[in-house]
Amino acid sequence: MRRSIILFILLLNFGFSANVLVPAVNSNMEGVLVDLSCEFVPGQGRVLVTTDPYIGIGAQESERTATEVVKTMLGEFPDKDVIFVFSAENTDTIDGGSAGMAMAICLMSEINNESLASGVSMTGSINSEGEAVQVSGILQKARAVSTFAKVFLIPAGQNKVLTYTKEYISPSEGIYIEEARPLEIDVAEYALENWNLSVIEVTTVSEAYEWMTKEVSAREIPELELPTFNRNLTRMNRLAEKSIQRAEDLVGDLDSNNSIASTYLTRAIETPADFPYTRANYAFLAAVASQTSIESVEVVALEMVKQFQNFETSDPYWRAEMELRISWSLFRENSFIAKKDWLLIAANMFSMEKIGNETLDMTQVRKMANSKILEAKTSVEAAKVLSGESSNAEESLLLAIESFEEELYFAALYNAIDAIAWSEASKGVSYEYLQQLFKTPKEDEFSEAYRRHALYLFTQTEDSSLIDAAIFSAIRADLREGIFETTTNLPINFKLPTLDWKLLTIIILTIYVLRKMRGKKGRKKVALTEDELLMLAEGKGKAVQFLQEKLKKKEITRETYVKLVRELEGF
């Protein structure tokens, strides 16, 4: 899928001449933006620096070189001081000489009292002759400036980047062999196609200064309005309401609680009903933030895994999302509280899973998961090379592999899809893609919920990290949509353990829990405890298996079977 510039990060449009936004690369090899300004004030010929964060020795040497080059070009200024001011986020230190050319141009604009173009940025060191010197991280820096610039200046000779990436083959399922191969990237071609950014090579400070003083305005931020939604996401709305109810029970009185948990709960309640995933996500954060107890969930999670593996599904999209959260509770390195709440969400979803007469061929699901992991591995490696932003993608890929090893093939498939989505999100998206996103709903309920979550974040925030999450959610919706359309359906396989008193007890308790959830007519439903939710997840599977066996033996009619199953699905 073709991706271009992220269009929604709001940056300052600098009108003052001695101010320029330049890119750098942090310790994680991610492109970040640095605000560089220059002051030319009465003094004693000193070069002074103020930085946030700290500056390294390499950068200090570059400042002096830049000042000497400007003196050669414009004349000495013994009675003036030069003050360079650096300000950056998402990095601990600023070092190296890659801002040398920008510092020289910033100082020249201050001395000449000439404004700099807001739509042009640059990278490159300089030597004492005022010539551009090559630097590292060209692609990562281009990605960073694409959020506001139309033109990016780089040192001559750096348009071709030779690097190495990895491709993978899978001789058998679950085994992946990597192959390293050289990769030459045409920076100008890649940046124009993916970010709509023009990359220009320059050889000297003078040439760069001509570009920086042209009339090139900053990239415009388009305005998109939320569409009207005609479809009710029934089960997602029920899941959101259950999540909010649980969060309310945990957080307590909003008026007397000003904690982070209370803030998240308020967001969950105030988010419109058309965005159920957003509401459920905020409720999840509220529930996690409100709890302090730490307890292991692995034993319960593994028991639920057994239930999933023994209970076939006619609802693959819903089952995959359930199994995904089970894998998070087992393998993600989050707090025990978060793990427990993912487990409870999975239990809640299990109670709402639809029942039918067919199930997916799990052999095909296993093959799909293996193939998608292979694709994700290649995608993550490409993201490292092209943008340096791969931590989320790498985590999802690891979860996919661990899920596959535990035979959680739905979870393996969806974690691999998430890895690809994060990798693709690191490239950004075009305005054309966003227009299509705002216009075209998804068929699958969860995919549509993810699409709406992306729309909500795009229109409600200017936070760059949330914008990245929105792009991920949008691509995730694309990749989830229709994923099971080509798979084969098989008849439900009635393989049941021998019924015993334990099973009958579970069924009786399930009926009790369902009645408690329903409540008496006219009365408020009673909230379930965590143990009851987990018991419900186990009990529903056993109850449906019991009814299926009765139907197979013709001990009950199909009408009775359908009626009872619908009773189970109603909660």
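Within each chain, residue numbers correspond to sequence positions counted from 1 in written order. Local features in a predicted model are, by the rule used here, given only for residues with pLDDT of at least 70; side-chain atom pairs are given and counted only at 80 or more, and totals for whole chains, interfaces and linings are based on all residues. The side-chain quantities take in all heavy atoms of the structure and omit both hydrogens and water.

Here's the deal with the overall build of the protein chain
So, point 1. Counting its secondary structure elements, the protein chain contains 20 helices and 15 strands.
So, point 2. Using a 1.4 Å probe on the protein chains alone, a residue whose accessible area is under 20% of its type maximum counts as buried, one over 50% counts as exposed, and one in between counts as partly exposed. By the burial criterion, 53% of the 571 residues in the protein chain qualify as buried.
So, point 3. Accessible surface for the protein chain amounts to roughly 26,600 Å². Of this, 49% is attributable to carbon and sulfur atoms. The way it works is that DSSP assigns letters per residue, a run of H or I at least four long becomes a helix, a run of E at least two long becomes a strand, and they are numbered from the N terminus. Note on areas: these come from Shrake-Rupley sampling with a 1.4 Å probe, and a residue is covered only by the protein chains present in the view.

Concerning the sheet that holds strand β7 (residues 120-122)
So, point 1. Overall, parallel pairing links the 3 strands, which are arranged β7-β10-β13 in an open sheet. Looking at which strands have only one partner, the edges of the open sheet turn out to be β7 and β13 (198-202). Looking at each pair of strands side by side, their axes are set apart by 25° on average, direction ignored.
So, point 2. Between any two strands, at least two bridges found by DSSP are needed for them to pair. The pairing of β7 with strand β10 (residues 151-155) spans 3 bridges and is parallel. By the bridge assignment for β10, S121 is matched with F152. Whenever a helix is involved, its axis is fitted only over the stretch in contact; in every case the axis is a line through C-alpha atoms, and angles between N-to-C directions fall within 0 to 180 degrees.

Considerations on the pattern of salt bridges
So, point 1. A pairing counts as a salt bridge when a side-chain nitrogen of Lys or Arg comes within 4 Å of a carboxyl oxygen of Asp or Glu. Scanning all chains against the criterion turns up 22 salt bridges.
So, point 2. Two residues, E68 and K71, come together in a salt bridge whose shortest N-O distance is 3.6 Å. On the criterion of helical spacing, the pair formed by E68 and K71 is a turn pair, its members being 3 residues apart in helix α1 (residues 57-74).
So, point 3. Relative accessible area serves as the criterion here: at 44%, E68 is assigned to the partly exposed category.

A short note on unusual backbone geometry
So, point 1. Of note in the backbone geometry, N113 takes a positive phi value of approximately 55° without being a glycine.
So, point 2. Note that N113 resides in the loop between α2 (100-112) and β7.
So, point 3. Residue N113 is classed as exposed on the basis of its relative accessible area of 68%.
So, point 4. The backbone of N196 sits at a positive phi, close to 55°, despite the residue not being glycine.
So, point 5. Exposure remark for N196: the relative accessible area of 44% places this residue in the partly exposed category.

Brief notes about the pairing of strand β2 (residues 31-42)
A regular strand places its side chains on the two faces of the sheet in alternate fashion.
So, point 1. Two elements, strand β1 (residues 19-25) and β2, share 7 bridges in a ladder whose sense is antiparallel. Its bridge partner lying in β2, V22 is registered against V34.
So, point 2. Hairpin connection, β1 to β2: the antiparallel pair is bridged by 5 residues, and M29 has positive phi, about 60°.

Thoughts on the nonpolar core
So, point 1. Residues belong to a common nonpolar core when they are buried Ala, Val, Leu, Ile, Met, Phe, Trp, Tyr or Cys residues joined through side-chain atoms within 4.5 Å. Formed by 64 residues in total, the largest nonpolar core has its most connected members in I326, I373, L413, Y414, F446, I483 and F484.
So, point 2. Ranked by residues supplied to this core, first place goes to helix α14 (residues 409-425) with 10 residues.
So, point 3. Aside from chain neighbours lying at most four places away, what touches F484 is P316, Y317, A320, L360, M368, F410, L413 and Y414.
So, point 4. Judged by nonpolar contacts, the second largest core, of 40 residues, contains A66, F84, A104 and A132. Working rule for contacts: check all heavy atoms of both residues, and any pair within 4.5 Å makes them a contact.

With respect to helix α8 (residues 276-290)
So, point 1. A helix is expected to reach a length of 1.5 Å times the quantity of its residues less one. For α8, with 15 residues, the first-to-last C-alpha span of 21 Å sits near the 21 Å given by 1.5 Å per residue.
So, point 2. The buried fraction of α8 amounts to 11 of the 15 residues, a majority that puts the element mostly inside the structure.
So, point 3. P276, Y277, T278, R279, A280, Y282, A283, F284, A286, A287 and V288 are the residues of α8 that are buried.
So, point 4. At its buried positions, α8 is contacted by α6 (234-251), α7 (260-270), α10 (316-331), α11 (336-350), α16 (445-460) and α17 (464-480).

Examining the packing of aromatic side chains
So, point 1. Two rings from Phe, Tyr or Trp (for Trp, the six-membered ring) form a pair when their centres sit within 6.5 Å of each other. Planes less than 30 degrees apart are called stacked, planes more than 60 degrees apart edge-to-face, and all others tilted. This model, assessed by the stated rule, comprises 15 aromatic pairs.
So, point 2. Judged by centre distance (5.1 Å) and plane angle (65°), the ring pair of F404 and Y409 falls under edge-to-face.
So, point 3. Between F410 and F484 the ring centres are 5.7 Å apart and the planes differ by 70°, which places this aromatic pair in the edge-to-face class. In this pair, F410 is assigned in helix α14 and F484 in the loop between α17 and β15 (489-491), connecting sequence segments 74 residues apart. Take F410 and F484: they sit in the same class, and that class is buried.
So, point 4. Clustering of aromatic rings is evident, with ring pairs tying together Y277, W318, F446 and Y450.
So, point 5. Over the aromatic face of W328 sits the side chain of R332, whose NZ or CZ is 5.1 Å from the ring centroid. The criterion is that NZ of a Lys, or CZ of an Arg, lies within 6 Å of the ring centre and within 35 degrees of the ring normal, and then a charge sits over that ring.

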